[in-house]
Structures are given as structure tokens and as C-alpha cells.
Amino acid sequence: MPPASSPAPAPPFASLAALRAACLALPEADATARRSIAAHEAQLTKPAGSLGRLEELTQWLGGWQRRAQPRLDRVQILIFAGNHGVVQQGVSPWPQDVTAQMVQNFEQGGAAINQLAHVAGATLQVVPVRGLAATADFTTAPAMTEEAFLDAVQKGYDAVPHACDLLCLGEMGIGNTTAAAALAAALFGGTGADWAGRGTGLDAPGVAHKARVIDAALAHHKAEMGATQGPSAAESERAKQLGAVTRAYDPLEIARRLGGYELAALLGATLAARHSGIPVLLDGFVCTAAVAPLARLAASDAEAKAEAGTETINEIGAGLEDQARSGAATGGLAHTRLSHCSAEAGHARLAEKLGLVPLLDLGLRLGEASGAALAVPLLQAAVACHNGMATFAQAAVSGRTG
């Protein structure tokens, strides 16, 4: 089955409303391809389900590639780099100059990801976003203007090649775990202490300071973020029953205020992959937080339906629980899989919120798509087994009798 002949054209993101519309107009996987893969899997010389998650991964890959025989001939790794104004608050033990220096190291082939990309047989591209200019310090102002945010999203969207079987996403940016933790807190609740971690090597007092900086940012933007720091689902339901009005919030506005240029580019790249039918491997905490607004947009849409009376809060909660048990995100992140669970505090919790079960858990906290690159050989093994194994009939092996 050939891939889709013409992916959706890159939309000009002239406004947050245009971007929001693109985030909600999402194609689904090819159900026919998935059924063909499952049918072939049932004929292979092994007990049904004996390859565990490898079997689900072949269906995931083929469904988004729109092929009955998934393949991984063209694997692309994209690293987006950006700088953060919040670094002036002392949230990282490393100077901001390191971002540009590491970009140069990537380009010269001297980083860990260069070696991992070679092992995976993947093409590596590094994209410095907006010339590595720093965002504003989001403890006192929105990290990005609307124009700059949309430009960064478009940069990520345009960086994704259409001739791609698998996209691996990563990032580089001193201070970006602070932005990721602030995003997670704004999107899913909690305080800085619930989400802040060591990043590039903070000690315990450094982590506590980082948490306070995040709390300051959340407080500064609270009025504009509305319900993000407000009621739980149960409280919203009670307010609804009492006739009270709860303020809506926009995950994209949260991303603009608390994120960063490379995080916005990651969001754009993930959206482009969805529009082009490309499966995506997400990397660590920063990468996961960057794409979380896609998931929250779908959840907000469901909550709006609940307000309109077409769904109940309990039904929404049950759906999210079912998603988490399946190990595969649905909605805006259905075309993604989480490559690994990083050692950064908050990543496991964020993955659980998004219904993403990591493929690997190696204690990594490097970023730069290292975990995604390490997961590529696992996917290659899944594809090799599916496409290369003999069927019971081909191998003249007797099938089950009962």
C-alpha cells in the first residue's frame, strides 16, 4: 500500500486561531493498513502476541505510513536549539553560550547524538531557532510575542521532510527544563516543586530555587492562563451544576507565555508530521512537554463538549484512563510514541498524564534526541520480524489445533 500521495500543504500560521485550527484538523492513521498488518502478524511462525509491544509498533508504523508493510529506510532526526531569558534567574549551572557551542559540536559530529544517529542509520539535522536569540524572562513577561511564537512553530513545521518514514525529535537549550516544567505545571496543575528537576546538574538548593522561579512565572501569568491553575475536573463539574462559569484557557497561549523557541518548533514539527502521515518518536522531558499542548487542545475540545452537554466530565476522565492503560496516546499525539523515560524529575508523571508508555528506561537526561535515536533499532527489529519472518504455511509449521 503506497503512502499518501500528497501531504497537506504547510499552512501559514498567521494567528493563534489559525494554528489552533490546524492543531484540531488532524488526519487519522490508515485503518486498512493496520488490519492488513495484524492479519499478516497472525500468520507468522510464533504464538499470537508473543512479540509483545513489537507487534503494536509495526501496526503503529504501518498505519501512519499507510503501508501494509512498514519500513524504516528514511529515518530523520531533528534537533531544535533555542535560548531562554529565564536563565538570568540562575536556573542552570551552565552559561547560555553553551547552546551555540553545542550546536557547533553537533555540526562537527562530536556529540553523543552524532554517534547514535550513525548507529541508527538516521539522517541528523540541527536547527537553531530564531538565530538562538533568547526568549524574554517569563517570570516578568511572556516568553514570546505571538509573532515570534508562530514563526518558531512554522520553522519546526517547515523543517520536516515529506520523504520520511520516521521522525525522531530532540532539543538543545540551556534553561529549557525550566520552561518544560513550567509548561507541565500550567497544563496539568501543581507547583514548581512538583515538576522541577536537576536539569543539567543542579544540586538540591538549585532545584528548590528553580521551583520558586517556576512558581513566580505561574503567578505572573495566572490571570491570562485562567483555569490552568484553577479547578479540577470535579470542581468544574460542581461549578457547572451550580450555574457558575469557569474560564476557558488556551494551551497555545500557555506555550507562548511559558515555553521557548525550540519548544515551539518541536510543536510545529510534530504537527507537520501528523499532517504528512509520519510517525514520530519523542525524546525526553522537554520534548514531551513541548508537544503536550496538542494533547491538551483535544482535551479542551472534549471539555467544551461536556459544557455543551454532549459529554460528561466522568466520561472524559474514563476515556483518559483507558488511553493511559493502552500505552499509546490518542488524539493529538496518536502518531507519536515515547522513546524513553528520562531521569529528569517530572517526566514519568508527564508521560502518564499523556498516556505515553516509554519504550526504554535507561536513566538518560541528556536531551538532543538521544533516547529517540536509541529506540530506532528497536523499531527496526520490529519491522524486520514482521516483514522477514515466515508464515506457518511458508515454513510448513503446524498451526494451533485449539
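Residues numbered from 1 in each chain as written. Predicted model: local features only at pLDDT ≥ 70, side-chain atom pairs only at ≥ 80, totals over all residues. Heavy atoms only, no water.

Draft legend 1. Spotlight on the environment of Ala 211. With respect to the element layout, Ala 211 can be found in helix 9 (residues 204–220). A relative accessible area of 8% means that Ala 211 is categorised as buried. Remark: the alpha-carbon pair of Ala 211 and Val 91, spanning 120 residues in sequence, is separated by 9.0 Å. Filtering out sequence-adjacent residues up to four positions away, Ala 211 remains in contact with Gly 192, Ala 193 and Ala 196. (Helix = DSSP H or I, 4+ residues; strand = E, 2+ residues; numbered from the N terminus. Buried < 20%, exposed > 50% of the residue type's maximum accessible area, 1.4 Å probe, protein only. Contact = heavy atoms within 4.5 Å.)

Draft legend 2. Structural detail: the pairing of strand 3 (residues 166–172). The element strand 3 is largely enclosed, with a buried count of 7 among its 7 residues. Residues Leu 166, Cys 168, Gly 170 and Met 172 line one face of strand 3 and the alternating positions Leu 167, Leu 169 and Glu 171 line the opposite face, and both faces are buried. Bridge count between strand 1 (residues 75–81) and strand 3: 7 bridges; the pairing is parallel. Its bridge partner lying in strand 3, Ala 81 is registered against Met 172. Alignment of strand 3 against strand 4 (residues 280–282), held across 2 bridges, turns out to be parallel. Counterpart to Leu 167 in the pairing with strand 4 is Val 280. (Pairing = 2+ DSSP bridges.)

Draft legend 3. Molecular detail of helix 17 (residues 370–388). In a regular helix each residue adds 1.5 Å, so 19 residues correspond to 27 Å; helix 17 covers 28 Å between its end C-alpha atoms and thus fits that length. What helix 17 keeps buried is the set Ser 370, Gly 371, Ala 372, Ala 373, Ala 375, Val 376, Leu 379, Ala 382, Val 383 and His 386. Elements that come into contact with the buried residues of helix 17 comprise helix 2 (31–41), helix 3 (53–65), strand 1, helix 5 (112–120), strand 3 and strand 4. (Expected span 1.5 Å × (residues − 1).)

Draft legend 4. Structural context of the confidence of the model for the protein. Of all residues in the protein, 83% attain a pLDDT of 70 or more, and the chain-wide mean is 87. Across residues 1–9, confidence stays below pLDDT 50; counting only partners more than four residues off in sequence or on other chains, it has 17 contacts. In the model, residues 310–327 has pLDDT below 50 throughout and makes 24 contacts with residues more than four positions away in sequence or in other chains. (pLDDT = per-residue confidence, 0-100.)

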